[in-house]
Amino acid sequence: MNETTPAAVDRVPAPLNSTAASGDGAPRPATGSEPALTQRLAELLQRQGVLAVLLTVVITASFVYPTFATLDNARGVTVQASFLTVVALGMTMVIITGGIDLSVGSVFALGGVLAAWASQWGILPALLVPLVMCGAIGLLNGFLIARAGMAPFIVTLATLLAARGALLAFTDEGATTYLVPKGSAFAELGQGSVWGFGYPILIALVLFGGGGLLLQRTSFGQTLFAVGGSSDAATLMGLPVARTKLLVYMLSGLLAGLAGALNAARLSSGVTIVGVGMELDAISAVVIGGTLLIGGAGSISGTLWGVLLLAVIQNLINQIGSLNSSYQSVVSGGFLIVVVVAQRYLARSRRTT
């Protein structure tokens, strides 16, 4: 699934094989074919470049490390990536609108603790409590950004600190750990599997499929791209800009809370130290996947490949054994710099063709 922005201007592409007759009757290539081809190539690289990198890394690692290309290892990588995948889905939609959400890491941790606490009353409270609370935080972000006109960076930084503070207050500075009852339906949601693949993986895939359809096939999705392309132009077109921003931040909070609840179900407890720096991982995956930080362009599938690439890098570091996990940040940062530079180059190429 590759979602693209609505066309800003009408273009008539020049045929690649068309010719124009010269004075002596000899065919002459039509002008404009090369720029059109260059533009299509730039668009393809922006959308699917990360997939090519991911496949290259996976194929190379499969030959170098025999234990990498095993089904058990694939299951481990995908399960670990599923929680970041859910968070990154919401982050993708936020960034497409030209915003940012720094609160998702703390909201993820808060959702996990609330889910573990509520799991003593059953699976429904374990899911509803974190969704309601985390959705409310996202709604607050959206209201302050869309209605009060505050900067997304400042607002979500404030709610990052507030959510982490609420988490520490609820757990007595981390001294209290809420446990998920063993054998409960909620624990099964995080630890159960189908054909060897855990439920969190399946839930993440279903959410990504729904997110792809939302962006590609609905007016709401097209509005996200329009708002990210130009908020003022979207307003002049009569699009509900404020409502769209409010909804997209609420959706980001809901997804972060859901991911935290699934993580708590898998760990059988509400761990207070999780989610630190998760917002940066989510942003990295989204940008590596081809979504522009300035908004207006991006894809759900690209984000999925970006998350998997980061997960594969972490797994390869573990396979090497002589490197610690801090090297993942070094490699991820390097990838991020390369991708941002490439995006600027590709955008410049598309403007000049």
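Residues numbered from 1 in each chain as written. Predicted model: local features only at pLDDT ≥ 70, side-chain atom pairs only at ≥ 80, totals over all residues. Heavy atoms only, no water.

1. Things to note about the overall build of the chain
Regarding its fold elements, the chain presents 13 helices and four strands. Residues classed as buried in the chain amount to 45% of the 353 residues present. As displayed, the chain offers around 17,100 Å² of accessible surface, 66% of which is attributable to carbon and sulfur atoms. (Helix = DSSP H or I, 4+ residues; strand = E, 2+ residues; numbered from the N terminus. Buried < 20%, exposed > 50% of the residue type's maximum accessible area, 1.4 Å probe, protein only. Areas by Shrake-Rupley, 256 points an atom, 1.4 Å probe, with all protein chains shown as cover.)

2. So, the packing of helix α2 (residues 71-96) against helix α10 (residues 241-267)
One way to put it is that α2 packs onto α10 with a least axis distance of 7 Å and a crossing angle of 170°. It follows from the interaxial angle that α2 and α10 lie roughly antiparallel. Along the contact surface, α2 presents V79, F83, V86, V87, L89, G90, M91, M93 and V94, while α10 presents V248, Y249, L251, S252, L255, A256, A259, L262, N263 and R266. In the contact of α2 with α10, the residues fall into 15 nonpolar, three polar and one charged. (Axes fitted to C-alpha atoms, helices over the stretch in contact; angles between N-to-C directions. Parallel < 35°, antiparallel > 145°, perpendicular 65-115°, else oblique. Contact = heavy atoms within 4.5 Å. Nonpolar A, V, L, I, M, F, W, Y, C, P; charged D, E, K, R; others polar.)

3. Let's talk about empty space enclosed by the protein
If you walk through the whole model with that rule in mind, you get one cavity of 30 Å³ or more. Put simply, the largest cavity is a space of about 30 Å³. Taken together, F108, A109, G112, V113, G260, N263, A264, G270, V271 and V274 make up the full set of residues lining the largest cavity. Contributing elements (two or more residues each) for the lining of the largest cavity: α3 (104-118) and α10. Per-element accounting of the lining of the largest cavity gives the leading share, four residues, to α3. (1 Å grid on protein atoms, 1.4 Å probe; cavity = no way out; pocket = protein on both sides within 12 Å on 5 of 7 lines; lining within 4 Å. Points joined across faces, edges and corners; volume = space filled by probe spheres on them.)

4. Side note on the environment of A158
Within the fold, A158 resides in helix α5 (residues 152-170). Given the relative accessible area of 42%, A158 is considered partly exposed. Between the C-alpha atom of A158 and that of L102, which follows or precedes it by 56 residues, the distance is 8.8 Å.

5. Overview of the pattern of salt bridges
Tallied over the full model, the rule gives one salt bridge. Among the salt bridges present, the one from D72 reaches R75, with a minimum N-O distance of 3.4 Å. Of this pair, D72 and R75 both sit in helix α2, three residues apart, which is roughly one turn of that helix. The class for D72 is exposed, based on a relative accessible area of 59%. (Salt bridge = Lys/Arg side-chain N within 4 Å of Asp/Glu carboxyl O.)

6. A word on the side chain of N73
Examined against the element boundaries, N73 turns out to sit in helix α2. Beyond its immediate chain neighbours, meaning those up to four positions away, N73 contacts T67, F68, N315 and Q319.

7. Digging into helix α4 (residues 123-147)
For α4, spanning 25 residues, the distance from its first C-alpha to its last is 35 Å, which sits close to the expected 36 Å at 1.5 Å a residue. Three or more residues of α4 are buried, namely A126, L127, P130, C134, G135, I137, G138, N141, G142, I145 and A146. For α4, the elements touching its buried residues are α3, α5, α6 (185-191) and α10. Positive backbone phi, at 75°, marks G149, one or two positions downstream of α4. (Expected span 1.5 Å × (residues − 1).)

8. Some points on the packing of aromatic side chains
Going through the model one piece at a time under the given rule, you end up with three aromatic pairs. Look at W117 and W121: their rings are 5.1 Å apart centre to centre, the planes differ by 80°, and that puts the pair in the edge-to-face class. Of the residues examined, W117 reaches a relative accessible area of 28% and is grouped as partly exposed. For W121, a relative accessible area of 54% corresponds to the exposed category. Ring geometry for W117 against F170: centres 5.6 Å apart, planes inclined by 90°, an arrangement best described as edge-to-face. Note that W117 is positioned in helix α3 and F170 in helix α5, a separation of 53 residues in sequence. Ring-pair connections join several aromatic residues into one group, and the members of that group are W117, W121, F170 and Y178. Lying over the aromatic face of F197, R75 brings its terminal NZ or CZ to 5.7 Å of the ring centre. (Phe/Tyr/Trp six-rings, centres within 6.5 Å; stacked < 30°, edge-to-face > 60°. Lys NZ or Arg CZ within 6 Å of the ring centre and 35° of its normal.)

9. A word on the layout of surface pockets
The calculated volume of the second largest pocket comes to roughly 650 Å³. For the second largest pocket, the lining is made up of 24 residues, of which Q80, A81, L84, M278 and D281 are closest to its centre. Residue assignment for the lining of the second largest pocket shows that the elements contributing at least two residues are α2, α10, α11 (278-288) and α12 (300-320). Here the lining of the second largest pocket takes seven residues from α2, the largest share from any one element.

10. A word on the confidence of the model for the chain
The predicted model of the chain averages 81 in pLDDT, with 79% of residues at 70 or higher. Contacts of residues 1-32 to residues separated by more than four positions or lying in other chains number 45 contacts, the stretch itself having pLDDT below 50. (pLDDT = per-residue confidence, 0-100.)

11. Comments concerning the side chain of T303
Counting through the fold element by element, T303 comes out in helix α12. Setting aside its immediate chain neighbours within four residues, T303 contacts A88, T92, F208, A285, V286, G289 and T291.

12. As for the environment of A234
Looking at the secondary structure, you find A234 in helix α9 (residues 231-236). Residue classification places A234 among the buried positions, given a relative accessible area of 1%. Residues A234 and L224 lie ten residues apart in sequence; the distance between their C-alpha atoms is 9.6 Å. Setting aside residues up to four positions removed in sequence, A234 forms contacts with A226, V227, L239 and V241.

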